[in-house]
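A look at the structure
Now for the letters of each chain:
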Amino acid sequence: MKPTDIAAPDYFHKVVDCQWACPAHTPVPEYIRLIAGKRFADAYMVNWNSNVFPGVLGRTCDRPCEPACRRGRVEAEPVAICRLKRVAADNKGDVTARMPAPAARNGKRVAVIGAGPASLTVARDLLASGYHVTIFEQDPFAGGMIRTQIPKFRLPESVIDEEVGFILALEPELRLGKRVDSLKAVLDEGFDAVFVGCGAPRGRDLDVPGRAEAAANIHVGIDWLSSVSFGHTTSIGKRVIVLGGGNTAMDCCRSSRRLGGEEVTVVVRSGFEEMKASPWEKEDAMHEGIPIRNFLVPKEVLHDRGRLTGMRFTKVKPEFDAKGRRNLVPTGEADVEIPCDDVLVAIGQENSFPWIERDIGVEFDRYGMPVVDPKTMRSTNPKVYFGGDAAFGPKNIIWAVAHGHDAAVSIDRVLHGLDPAERPAPGTSLVSQKMGIHEWSYDNDIAADLRHKVPQRDPSETLKDIRVEVELGYDDMLAYKEAERCLNCDVQTVFTGKLCIECDACVDICPMDCITFTDDAPEDELRAKLTAPATNATQDIYVADGLKTGRIMAKDEDVCLHCGLCAERCPTGAWDMRKFLLEMTHAGHACRKG
């Protein structure tokens, strides 16, 4: 194999699994160490630079970083990365002075349609670079789905106000309460670029007999949540059925419990494990006494002359065809009837673009979605960009933020005459952590340490008021203990072959058997003959030559715990522990270089 080029930005980035998995590539271990040191404001700013909404995401993120966490390879549960983000947000104090000031305008005008997380990210990045940004939003407040679809018992309004406020302080032009009915009309105002971040505003409806007759008590989930958020809906019937297995369904059922629902039942057509809702969202719903009934397909809405009385379901089971594709087929058992006073339909969301004319150069695919370059976020109209749910369908907030950063970079480059497809390289550094012969500037103790639960208020208190936040968050001591579970996977083992005497001291002391000195071979052969075979082909093997015997050093990055024992034991200093820091390049001067 070729020796590893550790100077390539993506090499060590992929080894920092949590940061690699985060769509916004937040430097996770960096801010966790800051939290452990009680440098909460510094930790917050590391987050704010990358993911824009640390307080919001610390409560609501879908946590793609956590399944990737290296701690999860030695214990059942990963580090509570998401909830540590909240610790930084809750304890940061006043960071107003650390926020960028409104920049002098550069003469370029950009419109963003919708004031959700993708649009606000574009606005933040471009406003700080001198663009005049106009935000169009049909609601009276900025925030988008963060404000309208996430219940206040999960995300207090004060957190939204603060973090949206940091962006509005950069002085965009606000056109709130103004619905956009024509993209052509927006383009005709002479904007240099337009970003569409309007989300997926339409919830899928139910199409079964009885739906139309009982319409008064059947509500589309996302619309109902918005109505609750703005205070238009304050109650619901005592018996409620929630249809759907995603996070919106979990928000609907938990909100129903707080608005008068005494018997709230979630009904899902798939199995429990196949539900799209995050595991912790399902747990929270069941903790509040909400049963989840699976493998039931809606068959009929039951009503008495238009008054909703219940629903009838067909029991199904999964069957797999010869190609392994799953189908749900009736079991042949008797239908299931569930009485109810209200039904909330949360079976998915769809995009709706009737306001985008089909003759302005924006092409749509056969599913009615805009044709968007996934790297640049640019549509087939060179002035129009998409991001968030509007670009590729419903995902989550952190993906919307990532799309916003990418679109802002593209807009900035295009408006400076540069190719948007040529993406700016991230900033990287690699710094030794050596403080003595066998001392490091970070805590490298590896010990068994179970994940610490986030304290919650008792349901007897939280179910009385929909605005009472359920999670209390970690206090200082729990935050420190959870932060100490981080394995510092950004502190890399760096090997210098010419210093090695091949004494095998590092091989002997490695607790994971991930270091091997061997003859070179093709990758597949090499992976199989390591001391511990490297079976995860998605993560690289670190290969170094320069040894006096002509052999190579091969280290399996997948299972390395970054404990530094190899470097402590090495008598020649061939191993060193160096902190790798990667920061994505956002819109601004840096993204126009090269």
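Quick caveat: nothing in here was measured; it's all calculated off a predicted structure. (Residues numbered from 1 in each chain as written. Predicted model: local features only at pLDDT ≥ 70, side-chain atom pairs only at ≥ 80, totals over all residues. Heavy atoms only, no water.)

Overview of the pattern of salt bridges
Put simply, the test is: Within this document, salt bridges are pairs made up of a side-chain nitrogen of Lys or Arg and a carboxyl oxygen of Asp or Glu, the two lying within 4 Å of each other. Comment: elements are numbered from the N terminus, with helices defined as DSSP H or I runs of at least four residues and strands as E runs of at least two. Type-normalised accessible area, obtained with a 1.4 Å probe on protein chains alone, sets the label of each residue: buried when under 20%, exposed when over 50%, and partly exposed for intermediate values.
Considering all chains together, one arrives at 53 salt bridges under this definition. Among the ionic pairs, Glu 471 bridges to Arg 83, the shortest N-O distance being 2.8 Å. Of this pair, Glu 471 sits in the loop between helix 17 (459-462) and helix 18 (476-483) while Arg 83 sits in helix 7 (residues 81-91), and the two are 388 residues apart along the sequence. Taken individually, Glu 471 and Arg 83 each receive the classification buried, so the pair is uniform in this respect. Salt-bridge contacts for Glu 350 lead to Arg 204; the nearest nitrogen and oxygen are separated by 3.3 Å. Of this pair, Glu 350 sits in strand 15 (residues 349-350) while Arg 204 sits in the loop between strand 5 (202-203) and strand 6 (218-220), and the two are 146 residues apart along the sequence. Overall, Glu 350 belongs to the partly exposed group, its relative accessible area being 28%. The class of Arg 204 is partly exposed, set by a relative accessible area of 38%. Bridged by salt links that share partners, the residues Asp 17, Arg 70, Arg 73 and Asp 558 form one connected network.

Some thoughts on the sheet that holds strand 22 (residues 575-583)
The test is simple: Here, any two strands with at least 2 DSSP bridges between them count as paired. Where helices are involved, their axes are fitted lines through C-alpha atoms of the stretch in contact, as for all axes, and angles between N-to-C directions lie from 0 to 180°.
Judged by pairing direction, the sheet is antiparallel, and its 3 strands sit side by side in the order 17-22-18 without closing on themselves. Both outer strands of the open sheet, strand 17 (427-432) and strand 18 (491-495), are each paired with one neighbouring strand and no more. Looking at each pair of strands side by side, their axes are set apart by 35 degrees on average, direction ignored. By the bridge criterion, 5 bridges tie strand 18 to strand 22 in an arrangement that is antiparallel. Looking across to strand 22, one finds that Val 491 is bridged to Lys 579.

Some details on the packing of aromatic side chains
Test applied: Centres within 6.5 Å are what make two rings of Phe, Tyr or Trp a pair, Trp counting through its six-membered ring; a difference in plane orientation under 30 degrees is then read as stacked, over 60 as edge-to-face, and the rest as tilted. Only lysine NZ and arginine CZ atoms are considered, and such an atom sits over a ring when it is within 6 Å of the ring centre and within 35 degrees of the ring normal.
As enumerated under the stated definition, the model contains 9 aromatic pairs in all. Considering the side-chain rings of Phe 495 and Phe 517, the 6.1 Å spacing of their centres and the 65 degrees angle between planes classify their relative orientation as edge-to-face. Of this pair, Phe 495 sits in strand 18 while Phe 517 sits in strand 19 (residues 515-518); the two residues are 22 residues apart in sequence, bridging distant segments of the chain. Pair check on accessibility: Phe 495 and Phe 517 agree, each one buried. A network of ring pairs unites the aromatic residues Tyr 11, Phe 12, Tyr 542 and Phe 580 as a single cluster. Geometry around Tyr 44 places Lys 92 over its ring, the cationic atom sitting 5.0 Å from the centre. Between Arg 124 and the ring centre of Trp 48, over which it is positioned, the NZ or CZ distance is 4.2 Å.

Re unusual backbone geometry
Despite not being glycine, Arg 305 shows a phi value in the positive range, around 55 degrees. Inspection of the secondary structure assignment puts Arg 305 in the loop between strand 10 (296-304) and strand 11 (307-320).

Quick word on the pairing of strand 10
Both strand 10 and strand 11 contribute to a ladder of 8 bridges, which runs antiparallel. Among the inter-strand pairings, Val 301 is bridged to a residue of strand 11, identified as Met 311. In textbook terms, the turn of a hairpin is the stretch between consecutive antiparallel strands, and for strand 10 and strand 11 this stretch comprises 2 residues, one of which, Arg 305, has a positive phi near 55 degrees.

Honestly, that's just the spatial picture; any functional story needs more than this.
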